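Geometric and topological summary
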Amino acid sequence: MKPNFIQKVTNWGNFPVVEKEIKSEDSLQKIINFIDNSNEIIARGNGRCYGDASLSEHIFSTKRLNKFISFDRLNGVLECESGVLLSEILEVIVPQGYFLFVTPGTKFITVGGAIASDVHGKNHHAEGCFSEYLISFSLLNENGNVLQCSQTENVEKFWSTIGGMGLTGIILSAKFKLKNIETAYIRQESIKAENLDEIFKLFDESENWTYNVAWIDCLQTGNNIGRSILMRGEHAFRHQLPKNLQDNPLRLKKKLNPTVPFYFPNFLLNNLTVKIFNLLYFNKQRNKEVKSYIDYETFFYPLDAINDWNKIYGKSGFIQYQMVIPKEKGKEGMRKILETIAKSGNGSFLAVLKLFGENNPNAYNSFPVEGYTLALDFKVNAKLKNLVEKLDKIVEEYGGRIYLSKDSMSKSSLTNYLQNVQNPKFVSMQHKRIINNN
(Lines give C-alpha, C1' and ligand atoms only; values in the text may rest on other atoms or scores of the structure.)
Protein backbone atom coordinates (compact mmCIF):
# COMPACT_ATOMS: atom_id res chain seq x y z
CA MET A 1 0.00 0.00 0.00
CA LYS A 2 1.06 3.64 -0.38
CA PRO A 3 3.35 4.94 2.36
CA ASN A 4 1.21 8.07 2.90
CA PHE A 5 -1.29 5.85 4.75
CA ILE A 6 1.23 5.47 7.59
CA GLN A 7 0.37 7.77 10.49
CA LYS A 8 0.52 8.06 14.24
CA VAL A 9 -2.50 6.42 15.81
CA THR A 10 -3.64 5.81 19.36
CA ASN A 11 -6.88 5.08 21.15
CA TRP A 12 -8.69 7.06 23.84
CA GLY A 13 -6.09 6.49 26.54
CA ASN A 14 -3.34 7.98 24.35
CA PHE A 15 -1.30 4.89 25.24
CA PRO A 16 0.33 3.28 23.37
CA VAL A 17 1.05 5.58 20.39
CA VAL A 18 2.17 3.77 17.24
CA GLU A 19 2.87 4.54 13.59
CA LYS A 20 0.82 2.17 11.47
CA GLU A 21 -1.05 2.01 8.19
CA ILE A 22 -4.64 3.21 8.50
CA LYS A 23 -7.14 3.01 5.65
CA SER A 24 -10.80 4.00 5.33
CA GLU A 25 -13.13 3.06 2.46
CA ASP A 26 -16.86 2.81 1.82
CA SER A 27 -16.57 0.67 -1.32
CA LEU A 28 -16.85 -3.07 -0.67
CA GLN A 29 -14.50 -3.91 -3.50
CA LYS A 30 -11.84 -1.49 -2.20
CA ILE A 31 -12.15 -3.00 1.27
CA ILE A 32 -11.71 -6.48 -0.20
CA ASN A 33 -8.65 -5.26 -2.12
CA PHE A 34 -7.20 -3.90 1.13
CA ILE A 35 -7.69 -7.28 2.82
CA ASP A 36 -6.18 -9.15 -0.13
CA ASN A 37 -3.05 -6.97 -0.08
CA SER A 38 -2.47 -6.88 3.67
CA ASN A 39 -1.79 -9.16 6.60
CA GLU A 40 -2.29 -8.42 10.30
CA ILE A 41 -5.40 -6.26 9.86
CA ILE A 42 -7.79 -5.00 12.51
CA ALA A 43 -10.93 -2.91 12.18
CA ARG A 44 -11.12 0.31 14.20
CA GLY A 45 -14.22 2.39 14.81
CA ASN A 46 -14.03 5.72 16.60
CA GLY A 47 -10.97 4.83 18.66
CA ARG A 48 -12.78 5.04 21.99
CA CYS A 49 -11.40 1.78 23.38
CA TYR A 50 -8.48 2.43 25.70
CA GLY A 51 -5.49 0.23 24.95
CA ASP A 52 -4.10 -1.64 21.96
CA ALA A 53 -7.20 -3.65 21.02
CA SER A 54 -7.88 -1.85 17.70
CA LEU A 55 -4.25 -1.30 16.71
CA SER A 56 -2.35 -3.49 14.27
CA GLU A 57 0.15 -3.31 11.41
CA HIS A 58 -2.73 -2.45 9.06
CA ILE A 59 -5.83 -0.71 10.45
CA PHE A 60 -9.14 -0.45 8.63
CA SER A 61 -11.15 2.51 9.87
CA THR A 62 -14.91 2.00 9.58
CA LYS A 63 -15.68 5.73 9.83
CA ARG A 64 -16.87 5.88 6.21
CA LEU A 65 -19.30 3.01 6.80
CA ASN A 66 -21.66 5.53 8.37
CA LYS A 67 -25.03 5.12 6.67
CA PHE A 68 -28.43 4.20 8.11
CA ILE A 69 -30.10 1.38 6.16
CA SER A 70 -33.57 1.12 7.71
CA PHE A 71 -35.59 2.09 10.78
CA ASP A 72 -38.72 0.04 11.52
CA ARG A 73 -40.56 2.46 13.81
CA LEU A 74 -43.46 0.08 14.37
CA ASN A 75 -41.35 -2.78 15.72
CA GLY A 76 -38.39 -0.81 17.01
CA VAL A 77 -35.68 -2.33 14.79
CA LEU A 78 -32.76 -0.38 13.35
CA GLU A 79 -30.28 -1.43 10.66
CA CYS A 80 -27.17 0.58 9.89
CA GLU A 81 -23.56 0.30 8.78
CA SER A 82 -20.95 -0.55 11.37
CA GLY A 83 -19.30 2.87 11.51
CA VAL A 84 -22.44 4.67 12.69
CA LEU A 85 -21.97 6.13 16.18
CA LEU A 86 -24.39 5.49 19.03
CA SER A 87 -24.70 9.27 19.35
CA GLU A 88 -25.98 9.46 15.77
CA ILE A 89 -28.49 6.69 16.47
CA LEU A 90 -29.78 8.42 19.59
CA GLU A 91 -30.38 11.62 17.65
CA VAL A 92 -32.70 9.67 15.36
CA ILE A 93 -34.47 7.27 17.72
CA VAL A 94 -35.03 9.22 20.96
CA PRO A 95 -37.46 11.76 19.39
CA GLN A 96 -39.34 8.71 18.02
CA GLY A 97 -39.74 7.19 21.49
CA TYR A 98 -36.90 4.64 21.42
CA PHE A 99 -33.62 4.11 23.23
CA LEU A 100 -30.76 1.61 23.11
CA PHE A 101 -31.33 -1.48 25.19
CA VAL A 102 -27.66 -1.49 26.22
CA THR A 103 -25.20 1.37 26.09
CA PRO A 104 -21.74 1.84 27.60
CA GLY A 105 -20.59 5.01 29.37
CA THR A 106 -19.90 6.88 26.13
CA LYS A 107 -22.17 7.40 23.13
CA PHE A 108 -19.19 8.04 20.85
CA ILE A 109 -18.54 4.41 19.93
CA THR A 110 -19.52 2.69 16.71
CA VAL A 111 -22.03 -0.12 16.28
CA GLY A 112 -19.21 -2.38 15.06
CA GLY A 113 -17.25 -1.63 18.20
CA ALA A 114 -20.31 -2.33 20.36
CA ILE A 115 -20.55 -5.81 18.81
CA ALA A 116 -16.82 -6.57 18.85
CA SER A 117 -16.67 -5.64 22.55
CA ASP A 118 -20.19 -6.88 23.32
CA VAL A 119 -20.60 -3.76 25.41
CA HIS A 120 -22.44 -3.71 28.71
CA GLY A 121 -23.95 -0.84 30.65
CA LYS A 122 -25.47 0.05 34.00
CA ASN A 123 -28.22 -2.53 33.42
CA HIS A 124 -26.33 -5.79 32.86
CA HIS A 125 -27.89 -7.39 35.94
CA ALA A 126 -31.33 -6.71 34.41
CA GLU A 127 -30.92 -6.71 30.62
CA GLY A 128 -27.53 -8.21 29.71
CA CYS A 129 -25.12 -7.14 26.97
CA PHE A 130 -25.58 -5.53 23.55
CA SER A 131 -25.69 -8.97 21.94
CA GLU A 132 -29.00 -9.81 23.64
CA TYR A 133 -30.70 -7.41 21.22
CA LEU A 134 -28.59 -8.09 18.13
CA ILE A 135 -30.63 -9.65 15.31
CA SER A 136 -27.97 -10.05 12.62
CA PHE A 137 -24.86 -8.54 11.09
CA SER A 138 -22.85 -8.85 7.88
CA LEU A 139 -19.19 -9.82 8.22
CA LEU A 140 -16.39 -9.58 5.68
CA ASN A 141 -14.09 -12.52 6.35
CA GLU A 142 -10.43 -13.16 5.53
CA ASN A 143 -11.32 -14.60 2.10
CA GLY A 144 -13.19 -11.49 1.00
CA ASN A 145 -16.60 -13.14 1.41
CA VAL A 146 -19.54 -11.34 3.03
CA LEU A 147 -21.30 -13.60 5.55
CA GLN A 148 -24.77 -12.93 6.92
CA CYS A 149 -24.59 -13.92 10.57
CA SER A 150 -27.42 -14.48 13.05
CA GLN A 151 -28.62 -17.07 15.55
CA THR A 152 -29.82 -19.19 12.63
CA GLU A 153 -27.28 -18.40 9.88
CA ASN A 154 -23.50 -18.78 10.21
CA VAL A 155 -24.19 -19.33 13.88
CA GLU A 156 -20.64 -20.12 15.00
CA LYS A 157 -19.32 -16.97 13.30
CA PHE A 158 -22.15 -14.96 14.89
CA TRP A 159 -21.20 -15.94 18.44
CA SER A 160 -17.43 -15.87 17.97
CA THR A 161 -17.60 -12.35 16.52
CA ILE A 162 -19.64 -11.08 19.48
CA GLY A 163 -16.98 -10.01 21.97
CA GLY A 164 -14.35 -11.28 19.53
CA MET A 165 -12.49 -7.94 19.41
CA GLY A 166 -12.47 -7.74 15.61
CA LEU A 167 -10.46 -10.92 15.15
CA THR A 168 -13.03 -12.72 12.97
CA GLY A 169 -13.31 -10.09 10.23
CA ILE A 170 -14.73 -6.65 9.48
CA ILE A 171 -18.32 -6.03 10.54
CA LEU A 172 -20.02 -4.12 7.70
CA SER A 173 -23.56 -3.58 9.02
CA ALA A 174 -25.90 -4.73 11.79
CA LYS A 175 -29.57 -4.97 12.70
CA PHE A 176 -30.74 -4.75 16.32
CA LYS A 177 -33.77 -4.15 18.56
CA LEU A 178 -34.58 -0.90 20.36
CA LYS A 179 -36.31 -0.14 23.66
CA ASN A 180 -39.57 1.85 23.94
CA ILE A 181 -39.43 5.00 26.09
CA GLU A 182 -41.97 7.72 26.88
CA THR A 183 -39.46 10.43 27.73
CA ALA A 184 -35.79 11.34 27.37
CA TYR A 185 -35.44 11.54 31.15
CA ILE A 186 -34.35 9.22 33.93
CA ARG A 187 -35.89 8.98 37.39
CA GLN A 188 -32.77 8.82 39.54
CA GLU A 189 -32.06 8.12 43.18
CA SER A 190 -28.58 8.96 44.41
CA ILE A 191 -27.55 7.38 47.74
CA LYS A 192 -24.34 7.88 49.71
CA ALA A 193 -22.57 4.85 51.19
CA GLU A 194 -19.92 5.25 53.90
CA ASN A 195 -18.00 2.04 53.15
CA LEU A 196 -17.80 -1.17 51.16
CA ASP A 197 -20.30 -3.05 53.33
CA GLU A 198 -22.91 -0.36 52.80
CA ILE A 199 -22.48 -0.07 49.04
CA PHE A 200 -22.72 -3.84 48.57
CA LYS A 201 -25.90 -3.85 50.66
CA LEU A 202 -27.30 -1.06 48.47
CA PHE A 203 -26.52 -3.04 45.31
CA ASP A 204 -28.37 -6.05 46.76
CA GLU A 205 -31.37 -3.87 47.64
CA SER A 206 -31.37 -2.25 44.18
CA GLU A 207 -31.39 -5.33 41.95
CA ASN A 208 -35.00 -4.59 40.93
CA TRP A 209 -33.87 -1.24 39.47
CA THR A 210 -32.98 -1.37 35.77
CA TYR A 211 -29.88 0.83 36.07
CA ASN A 212 -27.33 0.75 38.90
CA VAL A 213 -23.85 2.26 39.05
CA ALA A 214 -21.65 3.57 41.85
CA TRP A 215 -18.84 6.10 41.90
CA ILE A 216 -16.29 4.89 44.43
CA ASP A 217 -13.47 6.70 46.26
CA CYS A 218 -10.55 4.37 45.62
CA LEU A 219 -8.14 6.06 48.05
CA GLN A 220 -10.10 5.56 51.29
CA THR A 221 -8.76 3.12 53.89
CA GLY A 222 -9.87 1.53 57.16
CA ASN A 223 -13.54 1.93 58.07
CA ASN A 224 -14.11 4.26 55.10
CA ILE A 225 -12.78 1.91 52.42
CA GLY A 226 -15.27 1.75 49.57
CA ARG A 227 -16.91 5.09 50.36
CA SER A 228 -19.17 5.72 47.39
CA ILE A 229 -22.35 7.08 45.86
CA LEU A 230 -24.88 4.75 44.20
CA MET A 231 -26.91 6.11 41.31
CA ARG A 232 -29.92 4.00 40.37
CA GLY A 233 -32.42 4.86 37.70
CA GLU A 234 -35.43 4.06 35.54
CA HIS A 235 -36.71 5.60 32.32
CA ALA A 236 -39.26 8.17 33.45
CA PHE A 237 -42.85 8.12 32.27
CA ARG A 238 -44.34 11.39 31.05
CA HIS A 239 -46.77 11.78 33.94
CA GLN A 240 -43.89 11.47 36.42
CA LEU A 241 -41.98 14.45 35.06
CA PRO A 242 -42.16 17.95 36.51
CA LYS A 243 -44.70 20.00 34.56
CA ASN A 244 -42.03 22.12 32.88
CA LEU A 245 -40.63 18.96 31.19
CA GLN A 246 -43.94 17.40 30.08
CA ASP A 247 -44.53 19.47 26.93
CA ASN A 248 -41.63 18.03 24.89
CA PRO A 249 -40.58 14.99 26.89
CA LEU A 250 -38.59 13.34 24.08
CA ARG A 251 -36.53 16.38 23.10
CA LEU A 252 -33.58 17.79 24.99
CA LYS A 253 -32.28 21.32 24.86
CA LYS A 254 -28.97 21.77 23.11
CA LYS A 255 -26.05 22.03 25.51
CA LEU A 256 -22.73 23.79 25.26
CA ASN A 257 -20.00 21.21 25.78
CA PRO A 258 -16.66 22.62 26.94
CA THR A 259 -13.45 21.31 25.42
CA VAL A 260 -10.17 20.54 27.20
CA PRO A 261 -7.90 22.68 24.98
CA PHE A 262 -4.51 21.12 25.76
CA TYR A 263 -2.80 18.23 27.51
CA PHE A 264 -2.52 18.93 31.23
CA PRO A 265 1.00 19.05 32.71
CA ASN A 266 1.89 15.76 34.43
CA PHE A 267 2.40 17.35 37.85
CA LEU A 268 -1.25 18.48 38.07
CA LEU A 269 -2.56 14.93 38.39
CA ASN A 270 -1.21 13.34 41.54
CA ASN A 271 -2.29 11.57 44.69
CA LEU A 272 -3.17 14.83 46.44
CA THR A 273 -5.33 16.21 43.63
CA VAL A 274 -7.16 12.86 43.31
CA LYS A 275 -7.87 12.91 47.07
CA ILE A 276 -9.17 16.48 46.87
CA PHE A 277 -11.39 15.62 43.88
CA ASN A 278 -12.80 12.55 45.64
CA LEU A 279 -13.50 14.56 48.80
CA LEU A 280 -15.33 17.26 46.85
CA TYR A 281 -17.28 14.76 44.76
CA PHE A 282 -18.48 12.78 47.78
CA ASN A 283 -19.48 15.90 49.71
CA LYS A 284 -21.18 17.76 46.87
CA GLN A 285 -24.25 15.67 47.76
CA ARG A 286 -25.18 16.92 51.23
CA ASN A 287 -28.08 14.60 51.93
CA LYS A 288 -27.88 10.85 52.33
CA GLU A 289 -30.39 10.35 49.52
CA VAL A 290 -31.42 12.62 46.66
CA LYS A 291 -34.24 11.97 44.18
CA SER A 292 -34.32 13.77 40.85
CA TYR A 293 -35.21 13.68 37.16
CA ILE A 294 -32.27 14.09 34.81
CA ASP A 295 -31.90 13.81 31.05
CA TYR A 296 -30.49 10.59 29.63
CA GLU A 297 -27.23 12.23 28.55
CA THR A 298 -26.43 13.31 32.10
CA PHE A 299 -27.27 9.86 33.48
CA PHE A 300 -25.59 7.64 30.90
CA TYR A 301 -22.84 9.83 29.46
CA PRO A 302 -21.57 12.35 32.05
CA LEU A 303 -18.04 12.42 30.62
CA ASP A 304 -19.24 13.01 27.07
CA ALA A 305 -20.24 16.50 28.22
CA ILE A 306 -16.53 17.45 28.13
CA ASN A 307 -14.84 17.15 24.75
CA ASP A 308 -11.31 15.68 24.77
CA TRP A 309 -11.42 14.97 28.51
CA ASN A 310 -8.69 12.37 27.99
CA LYS A 311 -6.17 15.24 27.73
CA ILE A 312 -6.53 15.77 31.48
CA TYR A 313 -4.15 12.83 31.97
CA GLY A 314 -1.34 14.52 30.06
CA LYS A 315 0.67 13.52 27.00
CA SER A 316 1.90 10.29 28.58
CA GLY A 317 -1.70 9.04 28.54
CA PHE A 318 -3.61 6.72 30.83
CA ILE A 319 -5.01 3.23 31.00
CA GLN A 320 -8.39 2.06 32.13
CA TYR A 321 -8.22 -1.10 34.19
CA GLN A 322 -11.51 -2.97 34.42
CA MET A 323 -11.93 -6.33 36.05
CA VAL A 324 -14.80 -8.51 37.24
CA ILE A 325 -14.72 -10.74 40.32
CA PRO A 326 -17.35 -13.48 40.78
CA LYS A 327 -20.19 -12.46 43.08
CA GLU A 328 -19.53 -14.88 45.92
CA LYS A 329 -16.06 -13.38 46.45
CA GLY A 330 -16.90 -9.89 45.22
CA LYS A 331 -16.67 -7.93 48.46
CA GLU A 332 -13.54 -9.69 49.66
CA GLY A 333 -11.79 -9.26 46.31
CA MET A 334 -12.79 -5.61 45.92
CA ARG A 335 -11.55 -4.82 49.42
CA LYS A 336 -8.14 -6.26 48.58
CA ILE A 337 -8.04 -4.37 45.27
CA LEU A 338 -8.94 -1.05 46.90
CA GLU A 339 -6.37 -1.58 49.67
CA THR A 340 -3.70 -2.25 47.04
CA ILE A 341 -4.59 0.90 45.08
CA ALA A 342 -4.60 3.08 48.20
CA LYS A 343 -1.14 1.82 49.21
CA SER A 344 0.26 2.35 45.71
CA GLY A 345 -0.44 6.08 45.59
CA ASN A 346 -1.84 5.66 42.06
CA GLY A 347 -5.29 7.08 42.62
CA SER A 348 -8.08 7.11 40.06
CA PHE A 349 -10.35 10.11 39.46
CA LEU A 350 -12.88 7.85 37.79
CA ALA A 351 -13.64 4.65 39.67
CA VAL A 352 -16.93 2.99 38.75
CA LEU A 353 -18.46 -0.07 40.43
CA LYS A 354 -21.28 -2.11 38.87
CA LEU A 355 -23.02 -5.43 39.44
CA PHE A 356 -23.20 -7.95 36.59
CA GLY A 357 -25.95 -10.54 36.35
CA GLU A 358 -25.73 -13.90 34.64
CA ASN A 359 -24.40 -13.68 31.10
CA ASN A 360 -25.77 -15.44 28.02
CA PRO A 361 -23.76 -18.71 27.82
CA ASN A 362 -23.86 -18.54 24.00
CA ALA A 363 -21.87 -15.28 24.11
CA TYR A 364 -18.73 -17.09 25.21
CA ASN A 365 -16.38 -14.25 24.27
CA SER A 366 -18.23 -11.65 26.33
CA PHE A 367 -16.44 -10.14 29.31
CA PRO A 368 -19.17 -10.16 31.99
CA VAL A 369 -19.63 -12.97 34.47
CA GLU A 370 -22.00 -12.75 37.42
CA GLY A 371 -20.19 -10.56 39.90
CA TYR A 372 -18.86 -7.11 40.64
CA THR A 373 -16.89 -5.08 38.12
CA LEU A 374 -14.67 -2.12 38.90
CA ALA A 375 -13.28 0.26 36.25
CA LEU A 376 -10.41 2.59 37.13
CA ASP A 377 -8.40 5.20 35.22
CA PHE A 378 -4.68 5.40 35.98
CA LYS A 379 -2.21 7.91 34.58
CA VAL A 380 0.73 6.21 32.87
CA ASN A 381 3.82 6.54 35.05
CA ALA A 382 6.83 4.53 36.23
CA LYS A 383 4.89 2.87 39.07
CA LEU A 384 1.90 1.74 37.03
CA LYS A 385 3.26 -1.55 35.67
CA ASN A 386 3.99 -2.76 39.20
CA LEU A 387 0.46 -1.82 40.33
CA VAL A 388 -1.15 -3.61 37.37
CA GLU A 389 0.85 -6.75 38.14
CA LYS A 390 -0.39 -6.68 41.74
CA LEU A 391 -3.99 -6.13 40.66
CA ASP A 392 -3.70 -8.94 38.12
CA LYS A 393 -2.61 -11.34 40.85
CA ILE A 394 -5.62 -10.43 42.98
CA VAL A 395 -8.05 -10.80 40.08
CA GLU A 396 -6.51 -14.17 39.19
CA GLU A 397 -6.67 -15.30 42.84
CA TYR A 398 -10.41 -14.66 42.91
CA GLY A 399 -11.17 -16.22 39.53
CA GLY A 400 -11.87 -12.93 37.76
CA ARG A 401 -11.08 -11.59 34.33
CA ILE A 402 -10.03 -8.38 32.58
CA TYR A 403 -12.07 -6.44 30.00
CA LEU A 404 -10.29 -6.64 26.65
CA SER A 405 -11.73 -3.33 25.43
CA LYS A 406 -9.86 -1.56 28.23
CA ASP A 407 -6.78 -3.76 28.55
CA SER A 408 -3.33 -2.54 27.57
CA MET A 409 -0.87 -4.42 29.80
CA SER A 410 -2.51 -7.26 31.76
CA LYS A 411 -1.53 -10.93 32.00
CA SER A 412 -2.61 -13.35 29.31
CA SER A 413 -4.25 -15.74 31.79
CA LEU A 414 -6.78 -13.01 32.64
CA THR A 415 -7.47 -11.83 29.10
CA ASN A 416 -7.23 -14.96 26.99
CA TYR A 417 -10.86 -16.06 27.07
CA LEU A 418 -11.34 -15.62 23.31
CA GLN A 419 -12.57 -18.70 21.47
CA ASN A 420 -12.81 -19.48 17.75
CA VAL A 421 -11.06 -16.28 16.66
CA GLN A 422 -7.62 -17.52 15.59
CA ASN A 423 -7.05 -15.97 12.19
CA PRO A 424 -3.77 -15.10 10.43
CA LYS A 425 -5.39 -12.21 8.54
CA PHE A 426 -7.09 -10.32 11.40
CA VAL A 427 -4.66 -9.70 14.25
CA SER A 428 -4.43 -6.91 16.82
CA MET A 429 -1.44 -5.70 18.81
CA GLN A 430 -3.34 -6.77 21.91
CA HIS A 431 -3.87 -10.30 20.65
CA LYS A 432 -0.19 -10.65 19.68
CA ARG A 433 0.77 -9.43 23.16
CA ILE A 434 -1.49 -12.02 24.78
CA ILE A 435 -0.15 -14.85 22.61
CA ASN A 436 3.48 -13.85 23.17
CA ASN A 437 2.95 -13.85 26.94
CA ASN A 438 1.61 -17.40 26.97
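It should be noted that the structure appears before, not after, this text.
Residues numbered from 1 in each chain as written. Predicted model: local features only at pLDDT ≥ 70, side-chain atom pairs only at ≥ 80, totals over all residues. Heavy atoms only, no water.

Re the environment of Tyr293
Inclusion rule: Note on conventions: DSSP H or I runs of at least 4 residues are helices, E runs of at least 2 residues are strands, and numbering of each starts at the N terminus. In protein, a polar contact requires one atom able to donate a hydrogen and another able to accept it; more generally it is a pair of N or O atoms within 3.5 Å, and residues adjacent in sequence count only if both atoms are side-chain atoms.
Tracing the chain through its elements places Tyr293 in strand β14 (residues 289–295). Sequence-wise, Tyr293 and Leu241 are 52 residues apart; in three dimensions their C-alpha atoms are separated by 7.1 Å. A distance of 3.3 Å separates a polar atom in the side chain of Tyr293 from the backbone oxygen of Gln240.

Some words on the sheet that holds strand β18 (residues 401–402)
Quick reminder of the rule: Strand pairing is defined by DSSP finding a minimum of two bridges between the two strands. Contacts are residue-level and defined by heavy atoms, with any inter-residue pair within 4.5 Å sufficient. Fitting a line to C-alpha atoms yields each axis, with helices limited to the stretch in contact; the angle taken between N-to-C directions then spans 0 to 180 degrees.
Pairing in this open sheet of eight strands is antiparallel, and the strands run β14-β11-β13-β12-β16-β17-β15-β18 from one edge to the other. Of all the strands in the sheet, the pair left with one neighbour each is β14 and β18. For strand β11 (residues 185–193) and strand β13 (residues 228–235), the ladder comprises eight bridges, and the chain directions are antiparallel. From the neighbouring strand, Glu189 faces β13, where its bridge partner is Arg232. Strands in contact with helix α7 (residues 271–283) are β11, β12 (211–216) and β13; relative to β13, the strand with the most contacts, it is inclined by about 50 degrees. Against the sheet, helix α9 (residues 330–344) contacts β12, β15 (318–326), β16 (351–356) and β17 (371–379), and its axis sits at roughly 10 degrees relative to β17.

Digging into the environment of Asp392
As a reminder, the rule being used: Burial classification: accessible surface area is computed with a 1.4 Å probe over protein chains only, and a residue below 20% of its type maximum counts as buried, one above 50% as exposed, and the rest as partly exposed.
Position of Asp392 among the secondary structure elements: in helix α10 (residues 384–397). Relative accessible area serves as the criterion here: at 1%, Asp392 is assigned to the buried category. With 240 residues separating them along the chain, Asp392 and Thr152 place their C-alpha atoms 38 Å apart. Among residues more than four places away in sequence, those in contact with Asp392 are Tyr321, Ile402, Ser410, Lys411 and Leu414.

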